[in-house]
Amino acid sequence: MRRIFSGIQPSGNLTLGNYLGAIRNWAHLQREKSYECIFCVVDQHAITVPQDPAELRRATREVAAGMIAGGVDPDDCILFNQSYVPEHAMLAWVFNCVARVGWLGRMTQFKEKAGKDRDNATVGLFVYPNLMAADILAYKGTHVPVGDDQKQHLELTRDIAQAFNSMFGVDFFPLPEPQIFGTATRVMSLRDGTKKMSKSDPSDMSRINMTDDADAIAQKIRKAKTDPEPLPSELAGLEDRPEARNLVGIYAALADTTAEQVLAEFGGRGFGDFKKAMAEVSVAVLGPIGAEMRRLSDDPATMDAILHRGGERARELAAPIVREVYDIVGFLRP
């Protein structure tokens with residue numbers, strides 16, 4: 001059985017980028033039935049930077065609600081929050097003793113998040129790629145859906161798996177393969193087509209949140225930055241037009257079509273017509289998702305029950321794998 005593992009941080013305010021770049025693809029993979037799917041809210045990764053405890057719990061439920069509203073079925077996959085399964089942290093310590101400081105020092109995301117004041121960054125922020133490797137390998141995950149910004153971490157996971165196997169003379173861990181999806185996997189800001197759409201952007205108009213209602217979605221699309229030229233009829237015409245390229249990509253993804261087909265329909269026309277059609281498609285797709293996400297978020301008892309059930313199922317898979325790792329390492333287990 002091929003096994004997929006993927007996770008998302010509970011930092012709140014899930015955006016259109018999270019939906020198109022991850023959640024929608026997870027739902028598609030689950031429906032394919034070609035993989036055993038394990039999806040996780042990675043709350044232990046979240047505390048590499050300071051968190052308000054009450055807000056962390058709320059955001060964990062909200063992100064899980066967004067995953068379910070976006071099509072992830074907790075009855076047909078394993079959906080849980082990371083801290084529920086102690087095997088993640090148990091395996092991460094073993095990997096702390098396998099990975100090399102030089103490997104972690106090359107991680108681009110650490111350099112970006114730590115900035116110039118690296119001496120004040122937490123150790124957790126430095127070694128969290130080892131925990132990410134443990135997330136995947138605690139289930140002997142074979143495939144990991146990744147965006148461009150996660151490729152480096154998956155390469156490190158493969159290095160750690162290979163180093164563990166070599167260190168102990170075993171063929172225990174698989175080398176997980178990346179799964180990279182095509183259309184609109186990298187959704188850019190509505191205010192700046194050269195920057196990724198981010199929930200941390202100070203301007204709410206830069207993003208479409210999964211909880212936005214129909215009016216908010218339509219307004220943000222109407223006010224999205226464009227340029228004065230009409231849309232081209234071919235993809236080559238978008239090459240130096242980041243905002244136009246971003247909107248065409250979003251429209252194509254939401255309408256389940258291609259950028260070529262979008263330009264065949266709207267080429268030569270102004271952004272007024274295009275944005276009106278884009279708003280209609282966006283509201284039709286995202287409106288019901290946002291409503292369901294809000295409904296689930298308002299029912300914490302139900303969300304806790306779903307995550308508890310998923311956590312128990314996850315432990316059933318991870319516990320025997322980590323026990324075997326401990327045996328390989330030489331830990332005495334009475």
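What comes next concerns the included structure. (Residues numbered from 1 in each chain as written. Predicted model: local features only at pLDDT ≥ 70, side-chain atom pairs only at ≥ 80, totals over all residues. Heavy atoms only, no water.)

1. Considerations on the overall build of the protein chain
So, point 1. A tally of helices and strands in the protein chain yields 13 helices and 5 strands.
So, point 2. What you see for the protein chain is a C-alpha radius of gyration of 21 Å, in line with the 20 Å of a compact globule of 334 residues.
So, point 3. Oriented by its inertia axes, the alpha-carbon framework of the protein chain measures out at about 70 × 45 × 40 Å.
So, point 4. The 334 residues of the protein chain split such that 49% are buried. (Helix = DSSP H or I, 4+ residues; strand = E, 2+ residues; numbered from the N terminus. Rg over C-alpha atoms; globule rule 2.2 N^0.38 Å. Buried < 20%, exposed > 50% of the residue type's maximum accessible area, 1.4 Å probe, protein only.)

2. Some details on the packing of aromatic side chains
Two aromatic rings are characterised by how far apart their centres lie and by the angle between their planes.
So, point 1. Evaluated as defined, the whole model comprises 14 aromatic pairs.
So, point 2. Both rings, one in Trp26 and one in Phe39, keep their centres 5.0 Å apart while their planes meet at 15°; by these two values the pair is stacked. Of this pair, Trp26 sits in helix 1 (residues 16-32) while Phe39 is found in strand 2 (residues 35-41), placing the two residues 13 residues apart along the sequence.
So, point 3. Taking the relative accessible area as the measure of exposure, Trp26 reaches 2% and is therefore buried.
So, point 4. Residue Phe39 is classed as buried on the basis of its relative accessible area, which comes to 0%.
So, point 5. Members of the aromatic cluster, each reached through a chain of ring pairs, are Phe95, Phe164, Phe168, Phe172 and Phe173. (Phe/Tyr/Trp six-rings, centres within 6.5 Å; stacked < 30°, edge-to-face > 60°.)

3. Observations regarding the side chain of Asn130
So, point 1. Mapped onto the elements of the fold, Asn130 is located in helix 7 (residues 123-137).
So, point 2. A distance of 2.9 Å separates the side chain of Asn130 from the side chain of Asn96, its partner in a polar contact.
So, point 3. Discounting chain neighbours no more than four positions away, the residues touching Asn130 are Ala92, Phe95, Asn96, Ala99, Leu104, Leu156 and Ile160. (Polar contact = N/O pair within 3.5 Å; in protein donor to acceptor, adjacent residues only side chain to side chain. Contact = heavy atoms within 4.5 Å.)

4. Considering the pattern of salt bridges
So, point 1. Within this structure, the stated rule accounts for 16 salt bridges.
So, point 2. In this structure, Asp76 and Lys33 form a salt bridge, with 2.5 Å as the shortest nitrogen-oxygen distance. Taken as a pair, Asp76 in the loop between helix 3 (53-69) and strand 3 (78-81) and Lys33 in the loop between helix 1 and strand 2 lie far apart in primary sequence, 43 residues in all.
So, point 3. With a relative accessible area of 56%, Lys33 lands in the exposed category.
So, point 4. Here Arg61 and Asp304 are joined by a salt bridge, their closest N and O atoms 2.7 Å apart. With Arg61 in helix 3 and Asp304 in helix 13 (residues 300-329), this residue pair connects regions lying 243 residues apart in the sequence. (Salt bridge = Lys/Arg side-chain N within 4 Å of Asp/Glu carboxyl O.)

5. A short note on the pairing of strand 2
So, point 1. The element strand 2 is extensively covered by neighbouring structure, given that 6 of its 7 residues are classed as buried.
So, point 2. A crossover connection joins strand 1 (residues 2-8) to the parallel strand 2 through helix 1; in handedness this β-α-β unit is right-handed.
So, point 3. In the sheet, strand 2 pairs with strand 3 via 4 bridges, with the strands oriented parallel. Each residue of the ladder has a partner; that of Ile38, found in strand 3, is Ile78. (Right-handed = clockwise from strand over helix to strand, strands pointing away. Pairing = 2+ DSSP bridges.)

6. So, the pairing of strand 1
So, point 1. Burial analysis of strand 1 places 5 of its 7 residues in the buried class, which makes it a mostly covered element.
So, point 2. In this sheet, strand 2 lies alongside strand 1 in parallel orientation, the contact comprising 7 bridges. When the sheet's bridge partners are listed, Ile8 is paired in strand 2 with Val41.

7. Things to note about the nonpolar core
So, point 1. Grouped together as the largest cluster of nonpolar side chains are 59 residues, with contacts concentrated most on Leu16, Tyr19, Phe39, Met67 and Phe274.
So, point 2. In terms of residue count, helix 12 (residues 271-297) provides more of this core than any other element does, 10 residues in total.
So, point 3. Met67 has contacts with Ile8, Ile23, Trp26, Phe39, Cys40, Val41, Val72 and Leu79, leaving out every residue within four places of it along the chain.
So, point 4. Grouped together as the second largest cluster of nonpolar side chains are 43 residues, Ala138, Ala163, Phe172 and Tyr326 included. (Core = buried A, V, L, I, M, F, W, Y, C linked by side-chain atoms within 4.5 Å.)

Structural measurements only, silent on function.
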